[in-house]
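The residues making up each chain are set out below.
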Amino acid sequence: MTLTYQDLVNQAKQQIREVDPARLEPRLEDVTILDIREADEFDHGAISGAHLVPRGVLESVVGLFATDLDQEVVLYCAVGARSALAAQTLQQMGYSNVASLRGGFNRWKDEGLPWHPPDSLTAEQRARYSRHTLLPEVGEAGQVKLLESRVLLVGAGGLGSPAALYLAAAGVGTLGIIDFDVVDASNLQRQILHNVDRIGQPKVESARETLTALNPDVKVVTYNERLSADNVLDIFAEYDVIVDGGDNFPTRYLVNDASLHLRKPVVHGSVFRFEGQVTVFDPYEGPCYRCQFAEPPPPELAPSCAEAGVLGVLTGIIGSIQAIETVKILLDIGDGLAGRLLTYDGLAQEFRTLRVMRDPQCPACADEDHPPQLVEYDVTCAHQGSVARVA
Amino acid sequence: MTATVRIPTSLRTLTDGSSEVEVPTGQVGTAIEDLTTRYPELGERLLGEDGKPRRFVNIFVAEDDIRFLDGLDTALTEGQVLTILPAVAGG
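How each quantity is defined
- Residues numbered from 1 in each chain as written.
- Chains lettered and ligands numbered in written order.
- Predicted model: local features only at pLDDT ≥ 70, side-chain atom pairs only at ≥ 80, totals over all residues.
- Helix = DSSP H or I, 4+ residues; strand = E, 2+ residues; numbered from the N terminus.
- Buried ≥ 20, exposed ≤ 12 C-beta atoms within 10 Å, placed from the backbone.
- Contact = placed C-beta atoms within 7 Å.
- Core = buried A, V, L, I, M, F, W, Y, C linked by C-beta atoms within 7 Å.
- Nonpolar A, V, L, I, M, F, W, Y, C, P; charged D, E, K, R; others polar.
- Axes fitted to C-alpha atoms, helices over the stretch in contact; angles between N-to-C directions.
- Parallel < 35°, antiparallel > 145°, perpendicular 65-115°, else oblique.
- Left-handed = near helix turned anticlockwise from the far one by under 90°.
- Pairing = 2+ DSSP bridges.
- pLDDT = per-residue confidence, 0-100.

Attention now goes to the overall build of chain A. Along the backbone of chain A there are 17 helices and 13 strands. Considering only C-alpha atoms, chain A reaches an extent of 90 × 50 × 40 Å along its principal axes. When the 391 residues of chain A are sorted by exposure, 45% land in the buried category. Sequence separation of 24 or more characterises 68% of the internal contacts of chain A that already satisfy a separation of 6 or more.

Next up on the list: the nonpolar core. Residues and elements named next belong to chain A. Ranked by size, the top nonpolar core spans 70 residues in total, and within it Leu 153, Ala 164, Leu 167, Leu 175, Ile 177 and Val 243 carry the most contacts. Residue contributions to this core peak at eight residues, all from helix α16 (residues 312-331). Apart from the residues within four sequence positions on either side, Ala 164 is in contact with Leu 153, Ala 156, Leu 175, Ile 177, Leu 193, Ala 207 and Leu 211. In this structure, Ile 36, Ala 46, Ile 47 and Cys 77 belong to the second largest nonpolar core, which totals 29 residues.

In this section: the interface of chain B and chain A. Listed per partner, the contact involves 19 residues of chain B and 33 residues of chain A. Residues belonging to the side of chain B that touches chain A are distributed by class as follows: eight nonpolar, six polar and five charged.

All names here are of chain A. The N-to-C vectors of helix α1 (residues 5-15) and helix α5 (residues 82-92) enclose an angle of 55°; their axes lie 8 Å apart at closest approach. Relative to α5, α1 is oriented oblique. Relative to α5, α1 is oriented so that their crossing is left-handed. On α5, the residues that touch Leu 8, Val 9, Ala 12, Lys 13 and Gln 15 of α1 are Ala 84, Leu 85 and Gln 88. Counted by class, the contact of α1 with α5 contains five nonpolar, two polar and one charged residues.

All names here are of chain A. The strand order β1-β5-β4-β2-β3 describes an open sheet built from five strands, whose pairing is parallel. Pairing within the sheet leaves two strands with one partner each, and these edge strands are β1 (17-19) and β3 (51-52). Strand direction decides the pairing type here: β1 and strand β5 (residues 98-101), joined by three bridges, are parallel. When the sheet's bridge partners are listed, Arg 17 is paired in β5 with Ala 99.

Our next topic: unusual backbone geometry. All names here are of chain A. Even without a glycine there, the phi angle at Arg 273 is positive, about 55°. Structurally, Arg 273 can be placed in the loop between β10 (266-272) and β11 (275-281). A positive phi angle, near 65°, is found at Tyr 284, a position not held by glycine. With respect to the helices and strands, Tyr 284 occurs in the loop between β11 and α14 (289-292).

Let us now look at the environment of Leu 188 of chain A. Its location among the elements puts Leu 188 of chain A in the loop between β7 (174-178) and α11 (203-214). Taking the C-alpha atoms as reference points, Leu 188 of chain A and Gly 158 of chain A, 30 residues apart in sequence, are found 9.0 Å from one another.

When pLDDT is low, close inspection of the predicted coordinates is not appropriate. Considering every residue of chain A, the mean pLDDT works out to 92; 94% of them sit at 70 or more. The low-confidence segment residues 379-385 of chain A (pLDDT under 50) makes 13 contacts with residues lying over four places distant or belonging to another chain.

Before going further, it helps to spend a moment on the environment of Gly 80 of chain A. All names here are of chain A. Structurally, Gly 80 is set in the loop between β4 (73-76) and α5. Residue classification places Gly 80 among the buried positions, given that 24 C-beta atoms sit within 10 Å. Those residues in contact with Gly 80 that lie beyond four places of it in its chain are Ser 100, Leu 101, Arg 102, Gly 103 and Gly 104.

Residue and element names in this part refer to chain A. Along the polypeptide, Asp 20 turns up in the loop between β1 and α2 (21-24). For Asp 20, a count of 14 C-beta atoms within 10 Å translates into the label partly exposed. Measuring from C-alpha to C-alpha, the distance between Asp 20 and Ala 99 comes to 9.9 Å, with 79 residues separating the pair along the chain.

The next subject is the packing of helix α10 (residues 160-169) of chain A against α16 of chain A. Residue and element names in this part refer to chain A. Interhelical geometry of α10 versus α16 gives an angle of 40° and a closest axis separation of 7 Å. On the basis of the axis angle, α10 is oblique to α16. Note that α10 runs across α16; the crossing there is right-handed. For the pair formed by α10 and α16, the contact residues are Gly 160, Ser 161, Pro 162, Ala 163, Tyr 166 and Leu 167 on the first element and Thr 315, Gly 316, Gly 319, Ser 320, Gln 322, Ala 323 and Thr 326 on the second. Broken down by class, the residue content of the contact of α10 with α16 amounts to five nonpolar, eight polar and no charged.

Turning next to the pairing of strand β12 (residues 340-345) of chain A. All names here are of chain A. Pairing analysis gives four bridges linking β11 to β12, with the strands arranged antiparallel. Bridge pairing in β12 places Gly 276 opposite Tyr 344. Here β12 pairs with strand β13 (residues 350-355) via six bridges, running antiparallel. Residue pairing across strands places Arg 340 opposite Arg 355, the latter belonging to β13. Taking the residues between adjacent antiparallel strands as the criterion, β12 and β13 are bridged by four residues, where Gln 349 takes a positive phi near 55°.

Below, the structure is given as structure tokens:
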């Protein structure tokens, strides 16, 4: 006996559960919704929170979205036919709580239920970011969010290089980079944004060339200037997250104090010889840099990398961790490093996590209504980091 | 009865290159006194002239900053690790 398409659909509908749009809508947050249509259909609109999993790949990737065979999964297509067949298949795969949306997305829209307009991923972007969108924690919506995000990198050096490269590759739509230095031969042992042909060129220009070549989706905004008390607030205001890869204490404290003014999260990384530290400063939610180190060390006790050396690969590890923390903040996923300091010892090959706490006596963030006065960059060392408050 | 002090690379020139130093258990303060006897310059880096930990070096017992425990009176027990964490700014 041969069966027509309609026979197959009717048979499937008798073997599976269908759910009405109006009954599903109040429970969207509790259910895994899979849109099994093709990408071009999805582009014209979809139910909020649905994951695009075209019918052709459903069986092979459903496990990424529904890890538990007992979890509730609702499939939908345009009218509820393809999704009925797909639900039947998932039942055969052992999914015990699967349903098909009765009438599909068309009926959903006809009933006036909420849906979101097309995602802005182009076909090229869908190909480029496919390994991201496959991750349920990212998905199409997350990728769109990354493309709409704005991240500022303080420093285009050892830490800024890997961080910028990975953030650009990830499709963070706008990357600001501030650095007033030019590329020097001694940078190339670790600063992988730059190359031999760029020696003498401003680092931000070299960074722009590298990042744009890697991903033309990314708009690179360059600031070929020194971060100072005069410009820091205007620049920071344009961004969602600040990645601190500076190479000196005055900049670190300026970044911290300005982030408190604007309540911008700072992904902090620092390196010295074979050791690195990474953490996230989430203003007034977790500790700030001054909670941890209220004052910078005197210059004679704070040799720079130029004086003491740094293993090039180390900056790759620490800068990459800064990139992953930044992506997590932008997507609001995972457990961030706010309140935790990750230390890395390259010689011992050890990571350790230390608890860092908000200091109720912190000179900078203890009084939320009075953020610290911005200390002029060039003279911070002379002030030994003493903090005055904005009245 | 000893605990272990981890010496960061930036301070190893002060401990003749040692990355770990054993100290007697008891309190953090007495452990630092012991360190200072053996490595006077290291002691100066950890404590100011007022005898308090400097504000650009943090001292952790296990995972916790002693400033949020009992400071130099924080207990240091057998096998615990005391971590010296200096501020570093390189990028």
